[in-house]
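# Breakdown of the fold
Spelled out, the chains give:
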There are 2 protein chains.
Amino acid sequence: MTAAKRANVTLKDVATAVGISQSAVSMALSDHPRISETTKEAVRAAAARLGYVPNSAGRALRAGRSTSIAVVVPNTGQHVFGHPYFMHLLVGVTAEANARDAALMVSTNPDETHGVAAYERVLRSQAASGAIIASASISDRNVNRMVEAALPVVLVGRFVHLPHAASVGIDEIAGAAAITRHLVEDHGLTRIAHISGPLDHQTAVDRYEGFRGALAASGRPCTHTLAVGDFSEESGRAAARQVLDSMTDLQAIFAANDEMAYGAMLEIRSRGLRIPEDIALAGYDDFGVSRLTTPGITTIHVPAEALGRKAADILFDLLDGTAPDPVHTVLPFDLVIRESCGPHSG
Amino acid sequence: MTAAKRANVTLKDVATAVGISQSAVSMALSDHPRISETTKEAVRAAAARLGYVPNSAGRALRAGRSTSIAVVVPNTGQHVFGHPYFMHLLVGVTAEANARDAALMVSTNPDETHGVAAYERVLRSQAASGAIIASASISDRNVNRMVEAALPVVLVGRFVHLPHAASVGIDEIAGAAAITRHLVEDHGLTRIAHISGPLDHQTAVDRYEGFRGALAASGRPCTHTLAVGDFSEESGRAAARQVLDSMTDLQAIFAANDEMAYGAMLEIRSRGLRIPEDIALAGYDDFGVSRLTTPGITTIHVPAEALGRKAADILFDLLDGTAPDPVHTVLPFDLVIRESCGPHSG
DNA sequence: ATCAGGTGCTCTAACGTTTCAGCGCCATGG
DNA sequence: CCATGGCGCTGAAACGTTAGAGCACCTGAT
C-alpha cells in the first residue's frame, strides 16, 4: 500500500484527490465542526490512502513553535554522556514525550559555534520548544543564560544559583546522610573516608555535605577524611589508594557514586583486604551494576527514570503556560542495603 | 547582552536594524559574493547584537528537508532501550552529528498512532531527513516499509531480508566463532553450552551460528547444548540453571551477551562451582561492565561507538546523494581475553 | 417574495526562510 | 553622449500549514 513515490504528500495532494480546497482538508483532519461528516470521511480515507503525514516544518512555522522537546546532556566526553544515569533519564523523558506525541531531540555540544552553545541554538531556532537540562556542572554559564532569557527549561538536579528555575531532583544531602548513618549507626563504624566527585558539581558537593552532616549529627566520635575523584572508576581507585595510605585503621569508604566504589573495591582487593570484613564500602546511584559485583554494593537508589518522566511532565506544563507548583520537585530515594557494609542487621 | 525580550529575532528584525532588505541579510549571512563586505560586516554585527538565530522551521520548510537526523531504537521497554549498547551507539552518532551541525532526534515508539509507527512519522513529516535504525528485531515490519519507501535510512546490524539497504555492523558469526575457538582450541574444552538471545533477533541467530560453525570446524569431538534467553541477566541465570541441570560434565558456557553471562555467573556460583576452574564462562559485547566482575569475563568487544559514528557518516553521505560504497560496512571486533575461561595461555 | 441565519466550503494571509530575476547605479569603452 | 556590463541591492515567490474572513447556497420564518 501507500505508493508514495518520491515527492511528499501534502495537503494539496489530498485536496485534489478529494476535490476540495486544502484548507478544507486541514479543517477536516483537525475535526473542525464546520466540515460535514461526509467530507471528513472522504478526507480521512484519502489521507490514509495517500499516506499523508503533516509536514512538521510547515506546521511549526505556522504555529510559531515546534512539537519537539530537547534533552541537554553535558559534553561529548563519553564518560559523562555515556553514563547510565543519562540513559535512565532518557528512558523516562522518552516515555513521557511519546505519550504526548512529541519528538525528542538530544543535544550535547557545548562549544559555541556562533556565540551560542549548540543546545541553546536548538531552543532559539525553535527546533525544540523547551528543554530538559541535565548538565550538572555548576559553572556552565550557558545554562544561566537560558534561564535568564526565560526559555522554557526544566533543570534536573539542584542549581543553587538559579532558585527560580523549575527543577527536579532528589535530596542528595539526605541520601548521603542516610547511607552515612547506615555505616555509623547500623554498623558502628567510626573511621570513614569519603570519595567525592569533582567539587564543581553540585551533586558531589551535596553528597559530601550530607556525609559530614550525618557524622556531626551522629553524636559519636567519628574520624573522617576526603579524597576527590571525578566519578570515574579509575579516579575511585586512585582515591581509595590515597585514603588507604593516609588513614590508619580505616573502617569504611563511602564513594559518591557506584563507579568510584568499584574502583575502590579493586584497590581494596588488591591489598588483600576483604569487603566488608576489613573495609566496608558504600556507593551511590544504583544504576543496575552495583548488584552484580560480589559483594553487592550498598548504595542509594537514584530514580533516574522517574526524574526524567517528572521533568518532561513539568516541561510540558510549562509549555502550556502552567507554572510548576513547587518550583523544585523533590523525588524520594531508596537506601539499598546489600552486602558491602557488613551482615544485615537492624 | 542579547536582550531578546520575548518575541524571536527574525531576518526582518536584523534587516530593519541595518536598514536593508531581509533577502540581503539572508545573503549576507550565507556569505553570498554579491553582497559587499561592508554590508556583511554590518549584518553580522547586528545579527550578533540582536541574538539572531535562524528559525529552523522556516529554513526546513524552504529547503524541503530538515537538518536533523533521527536514531530509532527499539521499543520503550527499558531493558532494551536502556541497554548500554544504545548508549554507546548514541555517543558515536552524536559525535558525528555535532561535527556536521545537525540536530539529533531519538525515536522509539513503535505503536502506530495513525497507521504509521512514530519513528516512521518522524521521517515522513520531515522532522528528520534520515534515520539510523538500531532495532534488532527481524520481525519489525515498519523497518521494511521504510526501506521499501526509499527513505534514507542506515541500518545497524544485519538485516538479511533487506540486502539493498545500507547497513553497518560487525561480523557476529566470526565473533562467536572466535570466542568458541578460544574455548575449544586454547583451553581444550569440548562440552560447551550456548545461551543464545531470542531467535527472532538476527544478532542472536548469528552468534549461535558462529558457535555451531566453529565447533563443527574444530575437528574435535565436541558436545554442545543450547538454552534460549532474552539477553537479560535473569534469563541468563535461568538458562544456566537449565544447561547445568541437563548436561553432565559441562565444561563451559558461552552466553550471547555479557548480561546473560553475569546471570550465568550467579547461578554457577550459587552451586558452589568455581569460574573458571569448574566451569569456563564467556560473554559477548564488552560494554564496560564485564571487566568489573571477578573474574573478568572473556568476551567479544563490540565497537558500538564506532558503529554509531560510521552509521551517521554513511547517512550523511546518503543525504548528500552519495551511495554508500560497500552497501554493508563491516567493522572489526576484538576478542578480549580475561580470566573467566582459564589462565592465559597461547 | 424577502430576509435572517446557518451550513459547508473557498480564499487569503501569515509564519521565516532562501532563491532568483530584476533594477538602478556607476564606471568604462565606444 | 550613449551603450555595456558589473555591482549591490530589492522584490517577489515559494515551501506546507492553519486561522479567519467571506461567499454561495439552503432552510425556515416573516
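Residues numbered from 1 in each chain as written. Chains lettered and ligands numbered in written order. Predicted model: local features only at pLDDT ≥ 70, side-chain atom pairs only at ≥ 80, totals over all residues. Heavy atoms only, no water.

Named according to an unreviewed UniProt entry, chain A is LacI family DNA-binding transcriptional regulator originating from Actinacidiphila acididurans.

### Notes on the protein's contact with DNA strand D
Rules: The near set for a molecule or strand comprises every residue that places at least one heavy atom within 4 Å of it. Here a polar contact is taken to be a pair of N or O atoms separated by no more than 3.5 Å, where protein atoms must pair a possible hydrogen donor with a possible acceptor and residues adjacent in sequence count only if both atoms sit in side chains. A run of DSSP states H or I qualifies as a helix once it reaches four residues; a run of E qualifies as a strand once it reaches two. Both are numbered from the N-terminal end.
Around DNA strand D, the surrounding shell holds 22 residues, and the nearest of these are Gln 22, Tyr 52 and Arg 62 of chain A together with Ser 21 and Thr 39 of chain B. When atoms of DNA strand D within 4 Å of the protein are sorted by moiety, sugar and phosphate together comprise 52%. Taking Leu 11 of chain A, its main chain carries an N or O atom lying 2.7 Å from a phosphate oxygen of DNA strand D. The contact in question runs from a phosphate oxygen of DNA strand D to an N or O atom on the side chain of Ser 21 of chain B, over 2.7 Å. Elements with a contribution of two residues or more to the surface near DNA strand D: α2 (22-29) and α4 (56-63) of chain A together with α2 (22-29) and α4 (56-63) of chain B.

### Describing the packing of aromatic side chains
What counts is decided by this rule: Working definition: rings of Phe, Tyr and Trp (its six-membered ring) pair if their centres are within 6.5 Å, and the pair is stacked with planes under 30 degrees apart, edge-to-face with planes over 60 apart, and tilted otherwise. Look at NZ for Lys and CZ for Arg. If either is within 6 Å of the ring centre and within 35 degrees of the ring normal, a charge sits over the ring.
The final tally for this structure, using the stated rule, is eight aromatic pairs over all chains. Among the aromatic side chains, those forming a connected cluster through ring pairs are Tyr 85, Phe 86 and Phe 287 of chain A. The lysine or arginine in question, Arg 207 of chain B, covers the ring of Tyr 284 of chain B, its NZ or CZ lying 3.7 Å from the ring centre. If you follow Arg 212 of chain B out to its NZ or CZ, it ends over the ring of Tyr 208 of chain B, 4.4 Å from the centre.

### Considerations on helix α13 (residues 304-319) of chain A
All names here are of chain A. Keep this limit in mind: An expected span of 1.5 Å times one less than the residue number is assigned to each helix. Relative accessibility thresholds used throughout: buried, under 20% of the residue-type maximum; exposed, over 50%; partly exposed, between the two (1.4 Å probe, protein chains only). By definition in these notes, contact holds between two residues if any of their heavy atoms fall within 4.5 Å.
Across its 16 residues, α13 extends 22 Å between first and last C-alpha, which sits within 8% of the 22 Å expected from 1.5 Å per residue. Every buried residue of α13 is listed here: Ala 304, Leu 307, Gly 308, Ala 311, Ala 312, Ile 314, Leu 315, Phe 316 and Leu 319. Buried positions along α13 lie against β1 (68-72), α6 (84-99), β3 (131-133), β4 (153-156), β5 (167-170) and β11 (328-331). Among the residues trailing α13, Gly 321 stands out with phi positive, at a value near 95°.

### Side note on the environment of Ala 311 of chain B
Residue and element names in this part refer to chain B. One can find Ala 311 in helix α13 (residues 304-319). Sequence separation between Ala 311 and Asp 286 is 25 residues; the distance between their C-alpha atoms is 20 Å. When residues no more than four places from it in sequence are discounted, the contact partners of Ala 311 are Ile 132, Val 154, Val 156 and Val 168.

### Remarks on the UniProt feature "domain: HTH lacI-type" (unreviewed entry) in chain A
Convention followed: UniProt positions are given in the numbering used here, feature names are shortened, and annotations may be inferred rather than shown by experiment.
In the numbering used here, UniProt assigns the feature "domain: HTH lacI-type" (unreviewed entry) to residues 9-63 of chain A. Within residues 9-63 of chain A, the helical portion is 69% and the strand portion 0%, while the C-alpha atoms at the span's ends are 20 Å from each other.

### A few points about the domain arrangement of chain A
Rules: By convention here, the domain bounds are inherited from an automatic or database domain assignment.
Here chain A is partitioned into domain 1 (11-54), domain 2 (68-170 + 306-333) and domain 3 (172-302). Summarising the inter-unit geometry, the C-alpha centres of domain 1 of chain A and domain 3 of chain A are found 63 Å apart.

### Here we look at the protein's contact with DNA strand C
To be explicit about the condition: Under the scheme applied here, ten amino acids are nonpolar (Ala, Val, Leu, Ile, Met, Phe, Trp, Tyr, Cys and Pro), four are charged (Asp, Glu, Lys and Arg), and all others, including Gly, are polar.
Not every one of the 23 residues close to DNA strand C is listed here, only the nearest: Ser 23 and Thr 39 of chain A together with Gln 22, Tyr 52 and Arg 62 of chain B. Near the protein, meaning within 4 Å, the atoms of DNA strand C are sugar or phosphate in a fraction of 50%, with bases accounting for the rest. Contact distances for DNA strand C include 3.2 Å between a base nitrogen and a backbone N or O atom of Gly 58 of chain B. Taken together, the elements giving at least two residues each to the surface near DNA strand C come down to α2 and α4 of chain A together with α2 and α4 of chain B. Of all the elements, α2 of chain B adds the most residues to the surface near DNA strand C, at four residues. In the surface near DNA strand C, the residues fall into eight nonpolar, ten polar and five charged.

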